[in-house]
Amino acid sequence: MAELKQLADLFGCELAEAIDADYGALSRESEFLTHPVFNTHHSETAMMRYIRMLEQRDLSLVHSMIALGSCTMKLNAATEMMPVTMGGFGNIHPFAPQAQTAGYRTLFERLEVWLSEITGFAATSLQPNAGSQGEYAGLLAIRGYHRANGDDQRNVCLIPSSAHGTNPASAVMAGMRVVVTACDDEGNIDVAELREKAVEHAENLAALMVTYPSTHGVFEQSIVEICDIIHQNGGQVYMDGANMNAQVGLCRPGDFGPDVCHLNLHKTFCIPHGGGGPGMGPICVQSHLAPFLPSHPLIDITGECGGNGSVGPVSAAPWGSPSILPIPYAYISMMGADGLTQATEIAILNANYIAKRLEPHFPVLYKGGHDRVAHECIIDLRHLKEIASNEDVAKRLMDFGFHAPTMSFPVPGTLMIEPTESENLAEIDRFCRAMIQIREEFTAIENGSADAKNNMLMNAPHTAEEVAGAEWNHPYSRDEAAFPADWVRENKFWPYVARIDNAYGDRNLVCSCLPIDAYED
Ligand SMILES: *Cc1c(COP(=O)(O)O)cnc(C)c1O
């Protein structure tokens, strides 16, 4: 009660008499937090071991490459991460008076200038906390621009079928009507159909959302023409910049047509983003959209945060999650212009190396001009589905100590691989060797030397418990199951959980708290 009073004092108010008098009636008498996890780890030592045990079940970049296409799982360098723990960055309240945040604002200003320069746009807003939030903020800016021109009716948003799921979701949230346009067999936007739809909706066209390079892992070669078509029909172009790791230093969206794009600072600019950690999705805009960037009611210095045509904030805090901005700041300043360009080149080189090495074993689904991919490649396994699936490959990679690439996105039945510039040749070769060996396991099933159902691919991953168990009912050896390559013998990561039925699990929720019988009475 004393604490409650103190808290009320702090805000300069008094507790209502009723609360004062009835405090006893409000105090909880039922048991709570009864799960053992809340009542087991009482000392720091015990807690440390518990946390460490959880950590050990998690395969991360400290173990091996995570070639998750579209996610850009690159190095989060120690030097970039260090400032995050400094009090000057970590202990400032997002609403601290501006007089106390001069250093932070210098960081914002520099970063805005750099990101504008990298993208070729006029202005940047650091407010959105994720790529998806950037999409929303960018579309609101487009809507604000149309309204300022008296074009209130412009609400149609064209989205190619290859788009990331966040694109249509953001468009709907921004009050737009989604019209999907098709891709051709090479995975590129079907320009003829796009033109048709843009003309058909010219009266009401608000925007096109286009990902460049596309989610199919290729540089859309008609990007300039595509932007022109939209502009000719009164629309604005939103570029999804999640794949900016294939552009930085080589080309700039602001130079080839888009009016606004977001950047995923947790992809291209090194903020770590496993497990849903905080991200940043700033947007960069051409000058005509700058007045419509998100603002914030607590920041009244004109031009400091948002423009005068803004609809207001898209996030709780004026500059999103500023405490992680030192990471991209350090990345950009330590790399410098030449370093950033080289990183992009190596990222593209690595993806093409993997595409070429794997192509004799798995067809590469989409390629652009010169028979090349961008910074990621999609390998096709659909023709093998009578033997085993892309999911089986994903699970078998766990036995080799690798995280699976992106599975069935954007094309069901495929795997999308993005190595980034951070992986060296030895690691990339290790990954390719695992993939090629797995392809041989397909062949073994196909020609009958491995069982059609009871095989290493479909039983993967193999846990320590199973491999060391008294029973072993497989026609292959424990050694082949758990140690499929020499490097695994040196440095084995044991999957903790064996194969689960994903779809069944999604559809049948089971409480994983205490065993069901604990709830019996
Ligand atoms: C990651 C991604 C997004 C969404 O970004 P979030 O930060 O996860 O909201 C949008 N589009 C593409 C192509 C992406 O890869």
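Everything in this summary refers to the structure shown in the same document. Keep in mind that what you see is a predicted model, and the values were worked out from it rather than measured.

## Some points on the overall build of the protein
Thinking step 1. From N to C terminus, the protein includes 19 helices and 10 strands.
Thinking step 2. For 521 residues, the compact-globule estimate of 2.2 N^0.38 gives 24 Å, and the C-alpha radius of gyration of the protein, at 26 Å, lies within 12% of that figure.
Thinking step 3. Across its three principal axes, the protein shows a C-alpha extent of roughly 70 × 70 × 45 Å.
Thinking step 4. Expressed as a percentage of contacts within the protein between residues at least 6 apart in sequence, the contacts between residues at least 24 apart total 67%.
Thinking step 5. Carbon together with sulfur atoms contributes 54% to the accessible area of the protein, which is approximately 25,400 Å² in total.

## Points about the site of the ligand
Thinking step 1. Near the ligand lie 13 residues; those nearest to it are Ser 70, Gly 131, Asp 240, His 266 and Lys 267.
Thinking step 2. One nitrogen or oxygen atom from the side chain of Ser 70 is found 2.6 Å from an oxygen atom belonging to the ligand.
Thinking step 3. For the ligand, an oxygen atom lies 2.8 Å from a polar atom in the backbone of Gly 131.
Thinking step 4. Within the complex, the protein chains bury 87% of what would otherwise be the 380 Å² of accessible surface of the ligand.

## Some thoughts on the sheet that holds strand 2 (residues 156-160)
Thinking step 1. The strand order 1-7-6-5-4-2-3 describes an open sheet built from seven strands, whose pairing is mixed. In the strand order of this sheet, the two ends are held by strand 1 (123-125) and strand 3 (177-181), each with one partner. Looking at each pair of strands side by side, their axes are set apart by 25° on average, direction ignored.
Thinking step 2. Sheet topology places strand 4 (residues 205-211) next to strand 5 (residues 236-240); five bridges connect them, and they run parallel. Bridge pairing in strand 5 places Thr 211 opposite Asp 240.
Thinking step 3. Contacting strand 2, strand 3 and strand 4, helix 9 (residues 191-200) crosses the sheet at an angle of about 150° to strand 3.
Thinking step 4. Against the sheet, helix 10 (residues 223-232) makes contact with strand 2, strand 4 and strand 5, and its axis sits at roughly 140° relative to strand 5, the strand it touches most.

## Looking at the environment of Met 416
Thinking step 1. With respect to the helices and strands, the residue Met 416 is situated in strand 10 (residues 414-417).
Thinking step 2. By relative accessible area, which is 0% here, Met 416 ends up buried.
Thinking step 3. With sequence-adjacent residues up to four places away left out, Met 416 is seen in contact with Ala 67, Leu 68, Gly 69, Ser 70, Thr 215, Glu 376, Cys 377, Ile 378, Pro 405, Thr 406, Phe 409 and Pro 410.

## Remarks on the pairing of strand 4
Thinking step 1. In terms of burial, strand 4 is a largely internal element, seven of the seven residues being buried.
Thinking step 2. Sheet topology note: the strand 2/strand 4 ladder contains three bridges and is parallel. Each bridged residue has a counterpart across the sheet, and for Val 156 the counterpart in strand 4 is Leu 205.
Thinking step 3. The β-α-β motif built from strand 4, the intervening helix 10 and the parallel element strand 5 has right-handed crossover chirality.

## Describing the pattern of salt bridges
Thinking step 1. Tallying each qualifying case throughout the model produces 18 salt bridges.
Thinking step 2. Among the ionic pairs, Glu 427 bridges to Arg 430, the shortest N-O distance being 2.8 Å. Within this pair, Glu 427 and its partner Arg 430 are both found in helix 14 (residues 425-446), separated by three residues, close to a single helical turn. For the pair Glu 427 and Arg 430, one class covers both residues: buried.
Thinking step 3. The shortest N-O distance in the salt bridge between Arg 433 and Asp 486 comes to 3.6 Å. Pair noted here: Arg 433 is in helix 14 and Asp 486 is in helix 18 (residues 486-490), with a separation of 53 residues, a long-range link.
Thinking step 4. Because the salt bridges share partners, they merge into one network encompassing Lys 356, Glu 359, Lys 367 and Asp 371.

## Considerations on the packing of helix 13 (residues 390-399) against helix 14
The description of two helices packed together rests on the angle between their axes and the distance between the axes.
Thinking step 1. Contact geometry of helix 13 with helix 14 gives a least axis separation of 10 Å together with a crossing angle of 125°. With respect to their mutual orientation, helix 13 and helix 14 come out oblique. Taken as a pair, helix 13 and helix 14 cross one another with a handedness that is right-handed. Taking contact as the criterion, the partners of Val 393, Arg 396 and Leu 397 in helix 13 are, on helix 14, Phe 431, Ala 434, Met 435, Ile 438, Glu 441 and Phe 442.
Thinking step 2. Across the contact of helix 13 with helix 14, the residue classes tally to seven nonpolar, no polar and two charged.

## Regarding the packing of aromatic side chains
How two aromatic rings sit relative to each other is given by the distance of their centres and the angle of their planes.
Thinking step 1. If you walk through the whole model with that rule in mind, you get 13 aromatic pairs.
Thinking step 2. Between the aromatic rings of Tyr 104 and Phe 108, the centroid separation amounts to 5.5 Å while the plane-to-plane angle is 25°, which identifies the pairing as stacked. Of this pair, Tyr 104 and Phe 108 both sit in helix 6 (residues 102-119), four residues apart, which is roughly one turn of the helix. The same class applies to Tyr 104 as to Phe 108, namely buried.
Thinking step 3. Plain terms: the ring middles of Tyr 145 and Phe 292 are 6.4 Å apart, the flat faces sit at 80° to each other, and that makes the pair edge-to-face. Taken together, the positions of Tyr 145 in helix 7 (residues 131-148) and Phe 292 in the loop between strand 7 (283-285) and helix 12 (326-358) put the pair 147 residues apart, joining distant regions of the chain.
Thinking step 4. Judged by its relative accessible area of 12%, Phe 292 falls in the buried class.
Thinking step 5. One aromatic cluster is present, built from ring pairs that chain together Phe 89, Tyr 104, Phe 108 and Trp 319.
Thinking step 6. For the cation-ring pair, Arg 57 lies above Tyr 496, with the distance from its terminal atom to the ring centre recorded as 3.6 Å.
Thinking step 7. Positioned over the ring face of Trp 494 is Lys 492, at 4.8 Å from the centre of the ring.

Quick notes on the rules
- Counting restarts for each chain, with residues numbered from 1 along the sequence as it is written.
- With pLDDT at 70 or above as the cut-off, local features in this predicted model cover only qualifying residues; side-chain atom pairs require 80 or more to be listed or tallied, and sums for whole chains, interfaces and linings still use all residues.
- Only hydrogens and water are set aside when side-chain values are computed; all heavy atoms of the structure are taken into account.
- Only DSSP runs of H or I covering at least 4 residues are called helices, and only runs of E covering at least 2 are called strands; the numbering of each starts at the N terminus.
- Our radius of gyration is a C-alpha quantity, and the globule rule it is checked against amounts to 2.2 Å times the number of residues to the power 0.38.
- What makes two residues a contact is simply this: any of their non-hydrogen atoms within 4.5 Å.
- Each accessible area is a Shrake-Rupley estimate made with a 1.4 Å probe; only the visible protein chains count as cover when residues are assessed.
- Note on definitions. A residue lies near a molecule or strand when any single heavy atom of the residue is within 4 Å of it.
- Two N or O atoms count as a polar contact when they lie within 3.5 Å, although within protein this holds only if one can serve as hydrogen donor and the other as acceptor, and sequence-adjacent residues are included solely when both atoms are side-chain atoms.
- We treat two strands as partners when DSSP finds at least two bridges between them.
- Geometry is summarised by axes, namely lines fitted to C-alpha atoms with helices restricted to the contacting stretch, and by angles between N-to-C directions that run from 0 to 180 degrees.
- For every residue, the accessible area obtained with a 1.4 Å probe (protein chains only) is divided by the maximum for its type, and the residue is called buried under 20%, exposed over 50%, and partly exposed between those limits.
- A clockwise course of the path from the first strand over the helix to the second, judged with the strands pointing away from the viewer, identifies a crossover as right-handed.
- When a carboxyl oxygen of Asp or Glu lies within 4 Å of a side-chain nitrogen of Lys or Arg, that pair is called a salt bridge.
- Every angle not falling under 35 degrees, over 145, or within 65 to 115 is termed oblique; those three ranges are roughly parallel, roughly antiparallel and roughly perpendicular.
- The hand of a helix crossing depends on one turn: near helix anticlockwise from the far one by less than a right angle means left-handed, and clockwise means right-handed.
- Residues were grouped as follows: Ala, Val, Leu, Ile, Met, Phe, Trp, Tyr, Cys and Pro as nonpolar; Asp, Glu, Lys and Arg as charged; and all remaining residues, including Gly, as polar.
- Aromatic pairs are defined between Phe, Tyr and Trp rings, using the six-membered ring for Trp, whenever the two ring centres lie within 6.5 Å; interplanar angles under 30 degrees are classed as stacked, those over 60 as edge-to-face, and all others as tilted.
- Placement of a charge over a ring requires the Lys NZ or Arg CZ to be within 6 Å of the ring centre, with the centre-to-atom vector within 35 degrees of the ring normal.

These results come straight from atomic positions and should not be treated as a statement about function.
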